[in-house]
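Tertiary structure, described
What follows is the residue order along each chain.
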Amino acid sequence: MACTLASHHQPLRWQDACVPNQPLPQHCPTPRELDDLELLTTGALAPLVGFGHDGSPVTLSLPDGLADTEVVELVDPEGLPLARVTTATGAVEPLTHHQYGPFRRLYLTPAQVREQYAGATFVPVTDALTTTQLDELASLGGRTVLLALVGTGTPALSPVATIRATLAAASRIGAEVVAVPLASHGDAEADHALGVQVVATYADGDPVHALPEPASDDAWPDDVAAIVEADQPAPEDQGLVLFFTGLSGSGKSTLARALMDRILEQGERSVTSLDGDVVRRHLSAGLTFSKADRETNIRRIGWVAAEISRHGGLAVCSPIAPFAETRAQVREMVEEAGGAFFLVHVATPLEECERRDRKGLYAKARRGEIPEFTGISSPYEEPDDAAVVVDTTGRTIEDALDDVIEGLRASGHLDLAGGPG
Ligand SMILES: Nc1ncnc2c1ncn2[C@@H]1O[C@H](COP(=O)(O)OS(=O)(=O)O)[C@@H](OP(=O)(O)O)[C@H]1O
Ligand SMILES: Nc1ncnc2c1ncn2[C@@H]1O[C@H](COP(=O)(O)OP(=O)(O)O)[C@@H](O)[C@H]1O
């Protein structure tokens, strides 16, 4: 039996909404939404108590399939149910708190902060503190609590490095550290207003001290500087995803293979290949060429590549990846993992790819024997964010490859110009 609901004027409780033993549909929100959820359920966003209130940037987007569902269970990426949300009102009913993640013990609720630190001075922190800023804080006197604002998109460093740097700074001046998952919503003004409100909720009438921007010649204490450096490796030490996109037969695999040979010949980095055809025989076996399956295929490639980049590795991907939105998701996954995403558009025109027709697929697609063939009966959305665009028509492989190698050198991520070392 389906859940039936009458029109409610009060926020709905999940118990009202469903028959017993009927599992609620589950949804894992984005990292930004999970941060918002945590602040909503701890009361840190008071007076906000739910998603999607008028004018608030604190929103939740549900997949189309759940749009008409009355109550949805929100789970963390490992499937742990965190809260139930009533879709009509955005009201949130907490089930349990976020439980894992580095420095979880420092993520206190406003009520816990009241209990432990009432009477202190509260200082919002979004970046590693400099020597001058620390001197200023030391001169404040009294008890100081550094509120590390570490939600998605807010701190200058990664959240964990921001907390490590804040702890290192705090130990120099005898301050305490509390982590607050205050996320950025892409609207500077609204985010600033939200941040002021959240900090005021934590301070609850105690003084709030806003630090001035550091001067350009200001330095970090050595231990803080080491944390910043480890978090933001130089481009040549960063994980890297080289992503070739283009029509079938454009030259993606040929260029990717030639590039990998050059990388291996140089001998400074190992490399993992995620070629379109090869991935479809293994990781994506069984997927079709429908839009949905292509998106799944590319997201899988993106997920693996992002993990490789997380560990400073180098992944070379060469699928068609015809959809801009899915490519953008891959870029986001890689950057979120701390890697660099280098997009190469192999822009060989359809006429040339069809003339080459190495595998005879274009002829078959023209005869209608292959449905949804890219460029013939399925779209290819040209990227407008490629670092290198290379049309291989009438060029040798070496010549075309030079464009990619030069783009990589200019980006600072990989210098193959010296050849074998
Ligand atoms: N319908 C259809 N459309 C496009 N391509 C097709 C299709 N059917 C099979 N092939 C072969 O599959 C290769 C493309 O797979 P990809 O995984 O790279 O495609 S996608 O990124 O998921 O769109 C592609 O290989 P490449 O030529 O290396 O690009 C084709 O050989
Ligand atoms: N400058 C060039 N760069 C890359 N491939 C080229 C070039 N000139 C001709 N080709 C040929 O074009 C074909 C491209 O096939 P492939 O690399 O498998 O494309 P894709 O992986 O994009 O489907 C190969 O047969 C390759 O030899």
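Analysis parameters
- Residues numbered from 1 in each chain as written.
- Chains lettered and ligands numbered in written order.
- Predicted model: local features only at pLDDT ≥ 70, side-chain atom pairs only at ≥ 80, totals over all residues.
- Heavy atoms only, no water.
- Near = heavy atom within 4 Å.
- Polar contact = N/O pair within 3.5 Å; in protein donor to acceptor, adjacent residues only side chain to side chain.
- Areas by Shrake-Rupley, 256 points an atom, 1.4 Å probe, with all protein chains shown as cover.
- 1 Å grid on protein atoms, 1.4 Å probe; cavity = no way out; pocket = protein on both sides within 12 Å on 5 of 7 lines; lining within 4 Å.
- Sits in = over half its atoms within 2 Å of the grid points.
- Helix = DSSP H or I, 4+ residues; strand = E, 2+ residues; numbered from the N terminus.
- Nonpolar A, V, L, I, M, F, W, Y, C, P; charged D, E, K, R; others polar.
- Salt bridge = Lys/Arg side-chain N within 4 Å of Asp/Glu carboxyl O.
- Buried < 20%, exposed > 50% of the residue type's maximum accessible area, 1.4 Å probe, protein only.
- Pairing = 2+ DSSP bridges.
- Contact = heavy atoms within 4.5 Å.
- Axes fitted to C-alpha atoms, helices over the stretch in contact; angles between N-to-C directions.
- Expected span 1.5 Å × (residues − 1).
- Phe/Tyr/Trp six-rings, centres within 6.5 Å; stacked < 30°, edge-to-face > 60°.
- Lys NZ or Arg CZ within 6 Å of the ring centre and 35° of its normal.
- Domains from an automatic or database assignment.
- Buried area = accessible area lost by both parts, 1.4 Å probe.

Re the site of ligand 2
- Near ligand 2, the surroundings consist of 16 residues, among which Gly-249, Lys-252, Ser-253, Thr-254 and Arg-358 are the closest.
- One of the side-chain N or O atoms of Lys-252 is found 2.8 Å from an oxygen atom in ligand 2.
- Within the backbone of Arg-395, an N or O atom sits 2.8 Å from a nitrogen atom of ligand 2.
- Its free accessible area being 570 Å², ligand 2 has 83% of it covered by the protein chains.
- The site holding ligand 2 turns out to be the second largest pocket.
- Those elements that place two or more of their residues in the shell around ligand 2 are helix H8 (252-266) and helix H14 (397-411).
- For the shell around ligand 2, the element with the highest residue contribution is H8, accounting for four residues.
- Partitioning the shell around ligand 2 into residue classes produces four nonpolar, eight polar and four charged.

Some thoughts on the pattern of salt bridges
- With the rule as written, the count across this model stands at 19 salt bridges.
- Ionic pairing is found between Arg-104 and Glu-38, a salt bridge with its closest N-O pair at 2.9 Å. On the criterion of sequence distance, the pair formed by Arg-104 in the loop between strand E4 (92-94) and helix H3 (110-117) and Glu-38 in helix H2 (residues 31-42) is long-range, its members being 66 residues apart.
- Judged by its relative accessible area of 7%, Glu-38 is buried.
- Of the charged contacts in the structure, one is a salt bridge between Glu-398 and Arg-262, with a shortest N-O distance of 3.7 Å. One end of the pair, Glu-398, is in helix H14; the other, Arg-262, is in helix H8, with 136 residues separating them in the sequence.
- For Arg-262, a relative accessible area of 22% gives the class partly exposed.

Some details on the sheet that holds E4
- With mixed pairing, four strands are arranged side by side in an open sheet as E1-E2-E3-E4. The open sheet has two edge strands with one neighbour each: strand E1 (26-27) and E4.
- Contacts between H2 and the sheet are confined to strand E2 (71-75), strand E3 (81-86) and E4, with E4 contributing the most and set at about 75 degrees to the helix.

Here's the deal with H14
- Its 15 residues give H14 an end-to-end C-alpha distance of 21 Å, which sits within 8% of 21 Å, the value for a rise of 1.5 Å per residue.
- Once H14 finishes, Gly-412 follows within two positions and takes phi at roughly 85 degrees, a positive value.

Describing the packing of aromatic side chains
- Summed over all chains, the structure comprises two aromatic pairs.
- Ring centres of Phe-243 and Phe-341 lie 5.5 Å apart, and the angle between their planes is 45 degrees; on these two criteria the pair is classed as tilted. Of this pair, Phe-243 sits in strand E8 (residues 240-245) while Phe-341 is found in strand E11 (residues 340-346), placing the two residues 98 residues apart along the sequence. Taken as a pair, Phe-243 and Phe-341 share a single burial class, namely buried.
- Ring plane angle 75 degrees and centroid distance 5.0 Å describe the contact between Tyr-362 and Phe-373, whose orientation is recorded as edge-to-face. Residue Tyr-362 is located in helix H13 (residues 361-366), and its partner Phe-373 is located in the loop between H13 and strand E12 (388-390); the two are separated by eleven residues in the primary sequence.
- Here the guanidinium or amino end of Arg-104 rests over the ring plane of Tyr-107, the centre of that ring lying 4.3 Å away.
- The ring of Phe-323 carries the charged tip of Lys-291 above its face, separated from the ring centre by 4.7 Å.

Quick notes on the domain arrangement of the chain
- One can read the domain layout of the chain as domain 1 (14-94), domain 2 (104-231) and domain 3 (235-411).
- Just the C-alpha atoms count here: the centres of domain 1 and domain 2 sit 28 Å apart.
- Between domain 1 and domain 2, the residue contacts involve 14 residues of the former and 18 residues of the latter.
- For the pairing of domain 1 and domain 2, the buried interface totals around 1200 Å² over both sides, and the portion due to carbon and sulfur atoms is 64%.
- Summed over the shared surface of domain 1 and domain 2, the result is one salt bridge.

Overview of the environment of Ala-200
- Within the element layout of this structure, Ala-200 appears in helix H6 (residues 188-203).
- Distance from Ala-200 to Pro-110, taken between C-alpha atoms, is 9.9 Å for residues 90 residues apart in sequence.

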